[in-house]
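Coordinate analysis (summary)
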Amino acid sequence: MAESYDVIVIGAGPGGVAAAVRASQLGAKTALVEAVHWGGFCLNRACVPTKLFAAAVERRRGLAAAARLGLRDVAGEIDPGALFGLKDELVSYFAMGTEGLLKAKKVSLLAGRGRLAGPGRVAVGESLHEAKAVILAVGAAWARPDFPGADLEAVVHPARLLEEAKIPASALLLGAGPWALEWAQFLSACGCRVTVAARERGLLPGFDPEIGQRLRAAWKNDPVTFLAGCRVIRASRNPEGGLAVTLSVKDREETRAFERVIHFERRPALEDLGLESVGLKDLRGNEQLQTAVPGIFAVGDATGCFPDLSHGSTAMGILAAENALGAARTYDPRVVPRIAFTSPQAASVGLGEEEAEEAGYDVVTGTAAVAATPMAMIQGAAHGVVKVVGDKRYGELLGVHALAPFATEIIGAGALALQMEATLEELARAALPHPTIAESLAEAAREALGWAIYLP
Amino acid sequence: MAIEIAVPKLGLTMEEAVLVAWKAAPGARVRKEEIVLVLETDKVTYEMPSPGEGLLHPLVPAGSRIAVGEVVGFLAADAAELARLALEKPGAAVTGEEAAAVAPAAAAATPSAAPPSSRIKASPAARAIARAHGIDLAALTGSGPAGRIVRADVMRALEEPRPAPAAPGGSALTVLEEIPIVGVRRAIFRNMHASLSSQAQITLHTETSAEALLRLRRKRKEAGAPVSYNAFFVQAIARALRRHPRINASVEGEVIRVWREIHVGVAMDFGNGLFVPKVRHADAKTLEEIEAELQRLAAAGRAGRLTLDELSLGTFTLTNLGAWGIDRFTPIVNPPESAILGVGRIEEKPVAVAGEVRIEARTALSLTFDHRIIDGAAGAAFLQTVSRFVEEPALML
Ligand SMILES: Cc1cc2nc3c(=O)[nH]c(=O)nc-3n(C[C@H](O)[C@H](O)[C@H](O)COP(=O)(O)OP(=O)(O)OC[C@H]3O[C@@H](n4cnc5c(N)ncnc54)[C@H](O)[C@@H]3O)c2cc1C
């Protein structure tokens, strides 16, 4: 039965849910199509499960240091079984919540695979629907690496680990981005022998390099092995089980054994989406998130504009819904913070120092060492820095970068400051609460302006 | 006793000035150190602080030409004294827009208060950029949330000068604004014209690698002692002038005077005209000293506090339009000097080196000089020296 809508959104991840709710709020008759799970990849397979794991890792570290705070006889080993159970519980609770929310917001839910069937038409299973505007929020799909042996069963993406609900004895993780590092820490905390292999030279590519360098320093005594400038040449089955993986490490070949190789790369999920029916090849859009075809918008991981970030998808979803209904707002990816729930946490928003220099700014930076502040000492945090990047000419704030406990929370202030186009001066004069880790943000800005208060 | 308001001598050679505006209305109370009037010589604009506290009794109207030391008004201790002064020394009626503008404010007992700009919704960065370029935020339309003026709005206003409104009903032109050619503007006006009419100017262009310069800046920055491009060019010029003293010269009557001192002026724009403060004895200064001096001069310039002495007696001028994205241009000599160096932006370009194309940061250098006294070869040699110093700063040492 063909039904006619103002807006049809395909994909119920963070981007799609936000788009559908916003469109409905603005009075549009809205449908949301989802093939697998309400809440999308983020809720079911990525952000929520892995943050639960990160919380366990962090809590365990806290327990290890508890004696310092006068707590006697506490110690904690992670029981992965219990944790996976809790994960299932939380995820199904939130998925149900998402479904309920969408209904409360008067969004029509269409379960099934959605496909474009010409301009203004979306097919879901057997039924055809019409829409004045379509928003594609289909996310990304795992991209298998291309070295010989990558198709072996033991080469998996992390969502497979969630399904297996088992911790391998050893694993090689490909890439040093935030999600790989989070998994690395979690697996390692569960007793897995973890090696991280990255093509790049440092951790957290895309963040201000100083953050990656400092994280690596913080991990010096960690059991995770990190191989920089490393490429997998091939993998084969080991007679005694697991994989024999040949690596090129700084142009030297070596073979190591792993139970699992875990890859993290994802690409826009464009298959069977019917793009050809409207003459689209990809979902890259303009600043207003409209694709090359008028009336078709795309948001989130589906656009291929990585880094893949849930809150970026959400921000895009809201904007696309408004633009689909006649607004002309523009999306600014620069104010979307990057985050890593590592221990310590890393977060970054805006331009890094080098990026700002390349962009031609007369750059000034300021850093505040977190470790020496009262709250860091209370928390027993030995590492950390908050760094601001600014422009000399107008004192504009260009970027905020942090490696510190709660960095993923603190960066919110930086993101807001950037979005509001703050200058270093405002940040420097913000009366941030004491004692907190966040107060280093103001001190870093003061340092950039040449009047750090607590720098001896 | 009433306090006299007399025109101060702002520089060694200053003899007269224009009183451009009174900052308080007649009869208004002015506090000590509060700005009471604005003076303009052909080099500086000076906001004069009040010598004391009292009720203002101006003697000369805004716009008058006055000599150094002349008494232009009084501050009366009280209303009775003010009335007496008005009888004894009837002041010229204070007319002109400035006084009219301050009058209502004065009535409200806050003489020079501007309308509160916080009523305009604008982001901090937008405000900072507007301030730096003298853009009136009130004239802009905001594109941010709830009409907030954001960075992009100010940048747009900077990039495309607002088109003059079409003249109503045909081809007649309407005046948008009349800018009297006085003070600094008059000086620019006169000098620019004198420059071209009194000298035979020629410009030589060259282009050079800026890689070393960029490296040097990066290093200095890392070392915590950043230097500006201008400081570097001032040093390069000063050192080159030492090797080519004939460039550091002026025509006076029938003789060419070659100067011993090397005072390099740097063209600066603070949004209200062109100023060329001088770095004295630039050839004897280190890069750090030049940088510090430039910073001091720029700060003074922004605050409207450059003195006549800081603005006169230069022997060579640097004008750098790199920050404006200008590739290259033909500068005009600042007489009585005889040469000026124009610097364009630094841009990456493909260059052919030993049969291979590679990408290199390049900058254009343009030397204009008075061909009456400097021969082409001499000018070219000087420019080549500067160019080599830019390419290889170590040669300066
Ligand atoms: C291990 C890991 C951890 C992560 N952790 C974080 C984190 O902590 N914070 C963060 O911000 N980001 C995190 N990310 C990134 C984040 O998960 C993604 O950026 C986010 O999920 C993108 O949201 P989206 O709405 O664009 O797409 P998705 O969340 O991928 O949702 C797309 C939805 O569309 C559905 N769909 C696809 N095609 C169709 C179709 N044809 N018809 C119907 N439905 C369809 C899919 O089933 C899916 O439900 C993580 C990623 C990984 C891999």
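As shown above, the structure is provided for reference.
What you see is a predicted model, and the numbers here were worked out from it, not measured in a lab.

A few words now on the nonpolar core. Residues and elements named next belong to chain B. With 69 residues, the main nonpolar core has Ile5, Leu37, Val72, Val234, Phe316, Leu341 and Phe382 as its most contacted residues. Examining the composition of this core, we find that nine residues originate from one element, helix H7 (residues 229–243), more than from any other. Mapped onto the domain boundaries, this core takes at least three residues apiece from domain 1 (3–93) and domain 3 (184–396). Every residue in contact with Val72, bar those within four places of it in the chain, is listed here: Ile5, Val7, Leu19, Trp22, Leu37, Pro58, Leu59, Val60 and Ile66.

This part covers the sheet that holds strand S21 (residues 385–391) of chain A. Residue and element names in this part refer to chain A. Strand order in the open sheet formed by five strands is S18-S19-S22-S21-S20, with antiparallel pairing between adjacent strands. In this open sheet, the two strands that pair with only one neighbour each are strand S18 (338–340) and strand S20 (363–369). Sheet twist, expressed as the mean angle between neighbouring strand axes with direction ignored, is 10 degrees. Both S20 and S21 contribute to a ladder of seven bridges, which runs antiparallel. Counted as the bridge partner of Gly366 is Val388 from S21.

Quick look at the packing of aromatic side chains now. Enumeration according to the criterion identifies 10 aromatic pairs over all chains in this entry. Their ring planes at 15 degrees and their centres at 4.2 Å tell us that Phe53(A) and Phe186(A) sit as a pair that is stacked. Of the two residues, Phe53(A) is situated in helix H3 (residues 47–64) and Phe186(A) in helix H6 (residues 178–189); the sequence distance between them amounts to 133 residues. As far as the burial class goes, Phe53(A) and Phe186(A) line up, both buried. Ring geometry for Phe316(B) and Phe382(B): centres 5.5 Å apart, planes at 55 degrees, overall tilted. A residue pair is termed long-range when its members are at least 10 positions apart, and Phe316(B) in strand S16 (residues 316–320) and Phe382(B) in helix H10 (residues 376–391) qualify at 66 residues. An identical accessibility class is assigned to Phe316(B) and Phe382(B); each is buried. Here the aromatic cluster, defined as three or more aromatic residues joined through ring pairs, consists of Phe53(A), Phe84(A), Trp183(A) and Phe186(A). Its guanidinium or amino end placed over the ring of Tyr5(A), Lys29(A) lies 5.0 Å from that ring's centre, counting from NZ or CZ. When the ring centre of Trp142(A) is taken as origin, the NZ or CZ atom of Arg266(A), which lies over that ring, is 4.6 Å away.

Rules used throughout
- Residues numbered from 1 in each chain as written.
- Chains lettered and ligands numbered in written order.
- Predicted model: local features only at pLDDT ≥ 70, side-chain atom pairs only at ≥ 80, totals over all residues.
- Heavy atoms only, no water.
- Core = buried A, V, L, I, M, F, W, Y, C linked by side-chain atoms within 4.5 Å.
- Buried < 20%, exposed > 50% of the residue type's maximum accessible area, 1.4 Å probe, protein only.
- Helix = DSSP H or I, 4+ residues; strand = E, 2+ residues; numbered from the N terminus.
- Domains from an automatic or database assignment.
- Contact = heavy atoms within 4.5 Å.
- Pairing = 2+ DSSP bridges.
- Axes fitted to C-alpha atoms, helices over the stretch in contact; angles between N-to-C directions.
- Phe/Tyr/Trp six-rings, centres within 6.5 Å; stacked < 30°, edge-to-face > 60°.
- Lys NZ or Arg CZ within 6 Å of the ring centre and 35° of its normal.

Read these as layout, nothing more, since geometry by itself doesn't imply function.
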